[in-house]
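# What the coordinates show
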Amino acid sequence: PISGAMGLMQIMPETADMLHLDDPFNLAQNVDMGAKFLKMMLDRFGGDVAVALAAYNAGPAAVDKAGGIPPIAETLQYVSRILGELPIAY
């Protein structure tokens, strides 16, 4: 888990504040807000699943700065692992 990340969806404190997440350790709230944040990243990055996952993991600013998936070992691993679990036609 990422240092400082909270709950099942590993939401960072800044993201919790942005999403007005009252209790990041409330399972239902945490999953709901994690899903909403992922949807925000999908919308922001034009539906590109790999880039949206990178933004979920490393933050959208890191993706913007890198112009795509940032060359961060943990982020590259995260994106590869998730994409490897998805069916071919996602």
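Residues numbered from 1 in each chain as written. Predicted model: local features only at pLDDT ≥ 70, side-chain atom pairs only at ≥ 80, totals over all residues. Heavy atoms only, no water.

### What to know about helix α2 (residues 27–44)
For α2, spanning 18 residues, the distance from its first C-alpha to its last is 25 Å, which sits close to the expected 26 Å at 1.5 Å a residue. Of the residues making up α2, those classed as buried are Asn30, Met33, Gly34, Phe37 and Met41. Viewed end-on, α2 has its buried residues packed into an arc of 105 degrees, placing them on one side of the element. Turned more than 90 degrees from where α2 packs its buried face, Ala28 and Asp43 sit exposed. Looking at the buried side of α2, the elements it contacts are α1 (13–18), α3 (49–58) and α4 (60–66). Capping the start of α2, asparagine 26 holds a side-chain oxygen 3.1 Å from the backbone nitrogen of alanine 28, two or three residues further along. At the exit of α2 stands glycine 46, carrying a positive phi of roughly 60 degrees. (Helix = DSSP H or I, 4+ residues; strand = E, 2+ residues; numbered from the N terminus. Expected span 1.5 Å × (residues − 1). Buried < 20%, exposed > 50% of the residue type's maximum accessible area, 1.4 Å probe, protein only. Arc of directions from axis to C-beta. Contact = heavy atoms within 4.5 Å. Polar contact = N/O pair within 3.5 Å; in protein donor to acceptor, adjacent residues only side chain to side chain.)

### Quick word on unusual backbone geometry
Excluding glycine, a negative phi dihedral is what most residues carry, and trans is how most peptide bonds are arranged. In the Ramachandran plot, glutamine 10 falls in the positive-phi region, its phi being about 50 degrees despite a non-glycine side chain. Relative accessible area serves as the criterion here: at 27%, glutamine 10 is assigned to the partly exposed category. Unlike most non-glycine residues, histidine 20 shows phi in positive territory, near 55 degrees. You can see histidine 20 is positioned in the loop between α1 and α2.

### Examining the environment of threonine 75
Here threonine 75 lies in helix α5 (residues 73–85). Separated by 19 residues in sequence, threonine 75 and tyrosine 56 have C-alpha atoms that sit 9.3 Å apart. Setting aside residues up to four positions removed in sequence, threonine 75 forms contacts with Ala54, Asn57, Ala58, Ile69 and Pro70.

### Describing the nonpolar core
Counting 19 residues, the largest nonpolar core has Ile11, Met41, Phe45, Val63 and Val79 as the members making the most contacts within it. Elements represented by at least two residues in this core include exactly α2, α3 and α5. (Core = buried A, V, L, I, M, F, W, Y, C linked by side-chain atoms within 4.5 Å.)

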